[in-house]
Amino acid sequence: MISRVDSIKITAIVGRRVTLTLPQPVELGSYVIRARSFCIATVTLEDGTVGSAFALDRGAPVAEAINTLIAKPYQELFKGDPLATWDVLLRQASAALSSGAALRGFSLVDLATHDAIARREKRTVAERFNRPMKKLAKWAVIGYPPSRGPEEIAWEVKAAVEAGAVGVKLPVGKSPELTRERIIAALDTRLCPVATDLAWSCRTPSDAIKIVGGLDLAWVEDPFIPGSLRELRNLRSLLNVPLASGDDEAHLYHPQVFIETEAVDILRMDATCQGGLSRMLQLDDYLVDSGLSLSWHVYDAWHSQIASIMQTPTFSIEYSAPGASVDPLAELIFSRKKDLEATDNHGWQFILPELADVSMALDGGTRWIPLPN
């Protein structure tokens, strides 16, 4: 694999928060989301090449962590190799960087650095590692807003499949009863496999079973809050379908804690909060040995390339439609993709729009368009 670039320096690393106000609140059970806040990280090389990455910051001070904790030492340590820089800086400041907002910021700086180097070389990130793009299973995140009733699910399953999705995933609804009814409505279309994200809404395995018991699902995801290993193991013993967990586990005990305790069947991974590309590469052999497949948490721009670089098998890559407000910044980029094809070919292959610190997300409801090849 190729990673190092000789005689290139970083001149600036900046973290910035951008908030996108949603046209309609997203209600995940009792959790109401009226806006989505993101951290955008940019890395500028001495020749003026700029790399970028973004992710939901979940309200945490991710941009502040980049600007006050990460930018200066990362810039000083960088000698052309993001993998080496990641390792050295973590060992110097592991107490601060190994979890939470700081790990999220560290992850985004790593992704932005890989983007900058690849753009400087006029290649994609995957091409820098001499990896062809794999044909990956594309799953559509549907059913937003979660307050929508089951009668409105069938059309979106059909639209997502026509756009190129091989399966769909629904979030938890406003109530356990509505969640189950919506899942059944998707299953009744018989157009594709169906999964569900319970979004940390259950307290006990029996709570989850009341929602998903007896349903032929592709997987059940994140039923419990992080740290609920006993509950996951108990639920796994009760389910006859795969159990997945790991979204937003922003700490370096992930994914080992799930593997070593045999708590899940599928690992949910997210390079934006679990160490960036550099850590994913460090984990690759271990993940292969685990025998588990990966389901990547949104952010398809880099996860599709990371999945192609890694040897660990990928079960799913996720997309959400413009206007759904699942990941409104990615949806904004996705909606403009066709117009920017000629200039969007390097790095992670996306171009960030110009946004004010507070902007509006796409309005007009969910609009499925053909998924990228």
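About the cut-offs
Residues numbered from 1 in each chain as written. Predicted model: local features only at pLDDT ≥ 70, side-chain atom pairs only at ≥ 80, totals over all residues. Heavy atoms only, no water. Axes fitted to C-alpha atoms, helices over the stretch in contact; angles between N-to-C directions. Helix = DSSP H or I, 4+ residues; strand = E, 2+ residues; numbered from the N terminus. Parallel < 35°, antiparallel > 145°, perpendicular 65-115°, else oblique. Contact = heavy atoms within 4.5 Å. Nonpolar A, V, L, I, M, F, W, Y, C, P; charged D, E, K, R; others polar. Expected span 1.5 Å × (residues − 1). Bend = angle between axes of the 7 residues up to and from the residue. Salt bridge = Lys/Arg side-chain N within 4 Å of Asp/Glu carboxyl O. Buried < 20%, exposed > 50% of the residue type's maximum accessible area, 1.4 Å probe, protein only. Phe/Tyr/Trp six-rings, centres within 6.5 Å; stacked < 30°, edge-to-face > 60°. Pairing = 2+ DSSP bridges. Lys, Arg positive; Asp, Glu negative; His and termini not counted.

(A) Summary view of the packing of helix 2 (residues 82-92) against helix 11 (residues 276-290). Two numbers describe how helix 2 lies on helix 11: the axes approach to 9 Å, and their chain directions differ by 90 degrees. As judged from the angle between their axes, helix 2 and helix 11 are roughly perpendicular. Counted together, Pro 82, Leu 83, Trp 86 and Asp 87 of helix 2 and Ser 278, Arg 279, Leu 281 and Gln 282 of helix 11 form the full contact between these two elements. The class makeup of the residues in the contact of helix 2 with helix 11 is 4 nonpolar, 2 polar and 2 charged.

(B) Quick peek at helix 11. With 15 residues, helix 11 ought to run about 21 Å at 1.5 Å a step, and its terminal C-alpha atoms sit 20 Å apart, in line with that. The largest bend along helix 11 reaches roughly 50 degrees and is located at Asp 284. Positive phi shows up at Gly 291, right after helix 11, with a value of about 80 degrees.

(C) Quick peek at the pattern of salt bridges. In this structure the tally under the stated criterion is 19 salt bridges. Between Lys 72 and Glu 76 there is a salt bridge whose closest N-O contact spans 2.6 Å. Of this pair, Lys 72 and Glu 76 are both found in helix 1 (residues 62-77), 4 residues apart, which corresponds to roughly one turn of the helix. Two residues, Arg 123 and Glu 121, come together in a salt bridge whose shortest N-O distance is 2.7 Å. Judged by relative accessible area, Arg 123 falls into the partly exposed class, the value being 25%. Among the charged side chains, a network of salt bridges with common partners joins Lys 169, Glu 221, Asp 247, Arg 268 and Glu 318.

(D) Main features of the packing of aromatic side chains. Under the counting rule described, the total for this entry stands at 13 aromatic pairs. Their ring planes at 65 degrees and their centres at 5.4 Å tell us that Trp 302 and Phe 350 sit as a pair that is edge-to-face. Here Phe 350 lies in the loop between helix 13 (328-335) and strand 12 (358-360) and Trp 302 lies in helix 12 (residues 300-309), a separation of 48 residues in the sequence. With a relative accessible area of 0%, Trp 302 lands in the buried category. Between Tyr 319 and Phe 334 the ring centres are 6.4 Å apart and the planes differ by 50 degrees, which places this aromatic pair in the tilted class. Here Tyr 319, found in strand 11 (residues 314-320), pairs with Phe 334, found in helix 13; they are 15 residues apart in sequence, far enough to count as distant. Each member of the pair, Tyr 319 as well as Phe 334, carries the same accessibility label: buried. Aromatic ring contacts, followed pair by pair, group Phe 38, Phe 54, Tyr 299, Trp 302, Trp 348 and Phe 350 into a single cluster.

(E) The sheet that holds strand 12, seen in detail. Strand order in the open sheet formed by 4 strands is 3-2-1-12, with mixed pairing between adjacent strands. One side of each edge strand has no neighbouring strand; the edge strands of this open sheet are strand 3 (50-56) and strand 12. Going across the sheet, the axis of each strand differs from the next one's by a mean of 25 degrees, ignoring polarity. Where strand 2 (residues 31-45) and strand 3 come together, 7 bridges link them in antiparallel fashion. Residue pairing across strands places Ala 41 opposite Ala 53, the latter belonging to strand 3. Packed onto the sheet, helix 4 (residues 100-120) meets strand 1 (10-28), strand 2 and strand 3 and runs at close to 145 degrees relative to strand 3.

(F) Quick peek at unusual backbone geometry. The linkage connecting Tyr 144 with the following residue, Pro 145, adopts the cis geometry, with an omega of -5 degrees. By the element assignment, Pro 145 lies in the loop between strand 4 (138-141) and helix 6 (154-163). The omega torsion across His 254 and Pro 255 is 10 degrees, close enough to zero to call that bond cis. Inspection of the secondary structure assignment puts Pro 255 in the loop between strand 8 (243-245) and helix 10 (256-260). The backbone of Arg 58 shows a phi angle near 55 degrees, a positive value even though the residue is not glycine. Take Arg 58: it is sitting in the loop between strand 3 and helix 1. Although it is not a glycine, Arg 190 sits at a positive phi angle of roughly 55 degrees.

(G) Inspection of the pairing of strand 3 at higher detail. The buried fraction of strand 3 amounts to 6 of the 7 residues, a majority that puts the element mostly inside the structure. With antiparallel pairing between neighbouring strands as the criterion, strand 2 and strand 3 make up a hairpin whose turn holds 4 residues, including Gly 48 at a positive phi of roughly 95 degrees.

(H) Highlighting the pairing of strand 2. Relative to strand 2, strand 1 runs antiparallel, the two sharing 14 bridges. If you follow Ile 13 over to strand 2, its bridge partner there is Val 43. In textbook terms, the turn of a hairpin is the stretch between consecutive antiparallel strands, and for strand 1 and strand 2 this stretch comprises 2 residues, one of which, Gly 29, has a positive phi near 60 degrees.

(I) The arrangement of the side chain of Asp 270 in detail. Within the secondary structure layout, Asp 270 lies in the loop between strand 9 (266-269) and helix 11. Among buried Asp, Glu, Lys and Arg side chains, Asp 270 stands out as unpaired, with Arg 104 the closest opposite charge at 6.0 Å. The residues contacting Asp 270, other than those within four sequence positions of it, are Trp 296, His 297, Tyr 299 and His 303.

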